[in-house]
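Read off the chains here:
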Amino acid sequence: MPRHILAIDLGTSALKVALVSADGDVVASEQEVCRVELRPGGGAEQDPEDWWALITRASSRLLGTGAVAPESVAAVCCTTQWSGTVPVGPDGNPIRPAIIWMDSRGAPQARRITGGLVRVQGYGLDKLVRWIRKTGGIPAQSGKDPIAHILWLKQEEPDTYRSAQLFLEPKDWLNLRLTGQAAASYDSIALHWVTDNRKPDAIRYDPALLRLAGLQRSQLPDLMAATDIVGPLLPGPAGALGVPAGIPVVAGTPDLQSAAIGSGATRDFQAHLYVGTSSWLTCHVPFKKTDMLRNMASLPAAIPGRYFVADEQETAGAALTFLRDRVLFDGDPPADAYRQFDRMAAAVPPGSGGVIFTPWLYGERTPVEDRFVRGGFHNLSLSAGRDELVRAVLEGVALNSRWLLQAVERFTRRRLEPIRFIGGGARSDVWCQIFADVLGRTIEQVADPVNANARGAAMLAAVALGELSFDQVPDRVKVARSYVPDPAASGLYDELFGEFVGLYRRNRKAHARLNRERPSG
């Protein structure tokens with residue numbers, strides 16, 4: 001009987017559960033919508049019990065289709081949103097909602113532990129050197145890393161902090177629910193900034209960094225590789241999922257790392273672009289390096305002994321959702337809204353009639369770290385219509401990715417081409433061509449791009465089971481179509497890109513003044 005992996009992909013706005021063959025073919029998948037609760041002061045939370053309810057509902061529906069026999073499921077592997085915090089009690093249950101990657105309430109705590117008398121970009125020089133030398137990075141002053149979440153709880157919710165037996169990343173909490181065993185992978189723990197990452201095959205907690213951060217080792221999980229087995233699937237969760245009990249649960253990996261595998265970009269300097277709620281453009285690299293000016297570093301990858309370039313842009317597809325739900329449609333949007341957007345954007349020439357959209361609707365991380373910056377439409381005139389607004393959003397997200405591409409290519413010291421494209425945004429042929437034209441790079445639209453993370457988690461599990469090697473992955477992931485840059489558009493987008501970056505530089509101080517007291521605005 002062919003063997004399959006049950007892959008669980010917990011995103012910010014959507015939850016997917018997929019049945020994937022050991023070769024990486026997605027046989028069937030089901031999806032549910034996730035809700036985010038935005039709190040005053042920059043808070044963003046989700047209920048882990050809601051995650052579990054959505055997972056079991058989707059998995060039961062998936063297995064109920066009969067697409068594969070339940071007994072053919074040989075393993076479970078999770079990939080999830082990264083940089084979140086789930087405080088759990090002694091029974092393994094959450095004691096409050098999860099604080100997710102968008103949450104910036106811990107910014108004051110992050111600044112406190114990273115400050116100093118002599119400062120570089122706001123960081124104490126002595127602390128900057130100590131942190132970067134061991135981890136490759138330092139806690140972000142935006143307060144969006146788990147270390148800041150935990151310190152915010154310590155100060156603002158001391159009862160929660162004292163009651164928490166462990167603080168877990170979303171992926172690692174799911175594994176605890178599945179197996180009863182608490183563990184983090186070397187890649188999932190990285191944004192706590194308390195591990196020594198200088199040897200990617202021997203990552204460990206560093207006592208000096210724990211003291212510097214003010215975290216207790218006893219409240220953090222043990223560590224293992226992403227390809228290790230956390231434990232057997234417990235009978236209760238197995239019944240809720242509809243698969244056999246006792247099958248191995250692979251440690252898994254966060255979404256950036258599973259996306260790299262699911263895009264087929266597992267070789268060094270083989271790039272992929274993801275556009276979902278957020279966005280990133282990254283690749284694996286054979287070195288540990290940090291670029292403080294552009295807020296990126298090479299961190300431990302899901303592939304044992306390897307690094308990848310860690311970067312992220314806060315709002316990409318979320319900007320299109322914002323346009324749909326808050327601007328263009330009143331009430332429930334039409335089911336084919338995004339297909340309508342494609343037709344509208346295609347009806348407008350490149351450049352959107354001079355309208356520029358900046359997609360910084362919830363701050364930004366790379367290539368600038370700025371939690372106060374906000375987005376908008378620029379150069380509007382009475383002649384601008386809905387079609388121009390839609391295309392401007394697509395182009396604005398692509399211009400932001402070009403800004404990031406410049407930084408990543410400077411980091412890697414090489415031109416990255418072709419670039420594999422995955423995520424919900426990659427379903428749009430119009431957006432694929434816009435990215436090719438704006439980036440000036442060949443874009444490879446990966447087949448079934450929405451399930452790339454689930455595919456990556458499943459292929460990671462197949463490696464753990466000994467049925468696949470990472471060297472085989474690039475040839476197993478199919479490319480649906482390639483998009484080549486149109487030379488006629490290059491000059492126009494060069495001009496728009498210069499104006500795009502200029503809009504940030506000219507307006508960042510105004511955004512800071514407007515939003516310093518209301519960072520969630």
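Here, the structure is the one placed above.
Residues numbered from 1 in each chain as written. Predicted model: local features only at pLDDT ≥ 70, side-chain atom pairs only at ≥ 80, totals over all residues. Heavy atoms only, no water.

**Q** Hey, could you go over the overall build of the protein chain for me, with residue numbers and the actual values?
**A** When you go through the protein chain residue by residue, the secondary structure sums to 16 helices and 28 strands. Over its C-alpha trace the protein chain gives a radius of gyration of 22 Å, about what one expects of a compact globule, namely 24 Å for 521 residues. Counting every position in the protein chain, which comprises 521 residues, the buried fraction comes to 61%. Of the contacts formed within the protein chain by residues at least 6 apart in sequence, a portion of 71% connects residues at least 24 apart. (Helix = DSSP H or I, 4+ residues; strand = E, 2+ residues; numbered from the N terminus. Rg over C-alpha atoms; globule rule 2.2 N^0.38 Å. Buried < 20%, exposed > 50% of the residue type's maximum accessible area, 1.4 Å probe, protein only. Contact = heavy atoms within 4.5 Å.)

**Q** Before we move on, can you summarise the environment of Gly423 with the specific residues and values?
**A** Secondary-structure assignment places Gly423 in the loop between strand 26 (419-422) and helix 13 (429-439). Those residues in contact with Gly423, other than ones at most four positions away along the chain, are Tyr274, Val275, Pro449 and Val450.

**Q** Can you tell me about the pairing of strand 19 (residues 279-282), naming the residues and giving the values?
**A** Alternating positions in strand 19 separate into two faces, Ser279 and Leu281 on one and Trp280 and Thr282 on the other, with burial throughout. Pairing of strand 18 (residues 271-275) with strand 19, which is carried by 4 bridges, proceeds in the antiparallel orientation. Bridge pairing in strand 19 places Val275 opposite Ser279. Between strand 18 and the antiparallel strand that follows it, strand 19, lie 3 residues. (Pairing = 2+ DSSP bridges.)

**Q** Could you give an account of helix 12 (residues 386-412), naming the residues involved and the relevant values?
**A** Since one α-helical turn is 3.6 residues long, residues separated by three or four positions face the same way. Relative to the 39 Å expected for 27 residues at 1.5 Å per residue, helix 12 spans 39 Å between its end C-alpha atoms, a close match to the ideal helical length. Counting buried positions along helix 12 yields 22 of 27 residues, so the element is predominantly enclosed. (Expected span 1.5 Å × (residues − 1).)

**Q** Tell me what's going on with a positive patch on the surface, and back it up with residues and numbers.
**A** A contiguous patch of positive charge on the surface is contributed by Arg505, Arg508, Lys509 and Arg513. Structurally, Arg513 can be placed in helix 16 (residues 487-515). (Patch = residues over 30% accessible without salt bridge, like charges linked within 9 Å, V, L, I, M, F, W, Y side chains within 5 Å. Areas by Shrake-Rupley, 256 points an atom, 1.4 Å probe, with all protein chains shown as cover. Salt bridge = Lys/Arg side-chain N within 4 Å of Asp/Glu carboxyl O. Lys, Arg positive; Asp, Glu negative; His and termini not counted. Charge placed at Lys NZ, Arg CZ, Asp CG, Glu CD.)

**Q** Which residues make up the sheet that holds strand 16 (residues 229-232), and what values go with them?
**A** Across the sheet, which stays open at both edges, the 6 strands sit in the order 3-2-1-6-17-16 with mixed pairing between neighbours. What marks the edges here is a single partner per strand, and that holds for strand 3 (26-33) and strand 16. Neighbour-to-neighbour, the strand axes of the sheet open up by a mean angle of 20°, direction not taken into account. Note that strand 16 and strand 17 (residues 248-254) share 3 bridges and pair antiparallel. Along strand 17, the bridge assignment pairs Gly231 with Val249. Across the face of the sheet, helix 9 (residues 255-262) comes into contact with strand 6 (73-80) and strand 17 while running at roughly 100° to strand 17. (Axes fitted to C-alpha atoms, helices over the stretch in contact; angles between N-to-C directions.)

**Q** Give a detailed account of the packing of aromatic side chains, specifying residues and quantitative values.
**A** Scanning the model with the defined rule gives 16 aromatic pairs in all. A centroid spacing of 4.9 Å and a plane angle of 45° characterise the contact between Phe357 and Phe377, whose relative ring orientation is tilted. One end of the pair, Phe357, is in strand 24 (residues 356-358); the other, Phe377, is in strand 25 (residues 376-378), with 20 residues separating them in the sequence. Overall, the relative accessible area of 4% leaves Phe357 in the buried class. Judged by relative accessible area, which is 26%, Phe377 ranks as partly exposed. Seen from their ring centres, Phe421 and Phe435 are 5.1 Å apart, and the 65° between their planes marks the pair as edge-to-face. (Phe/Tyr/Trp six-rings, centres within 6.5 Å; stacked < 30°, edge-to-face > 60°.)

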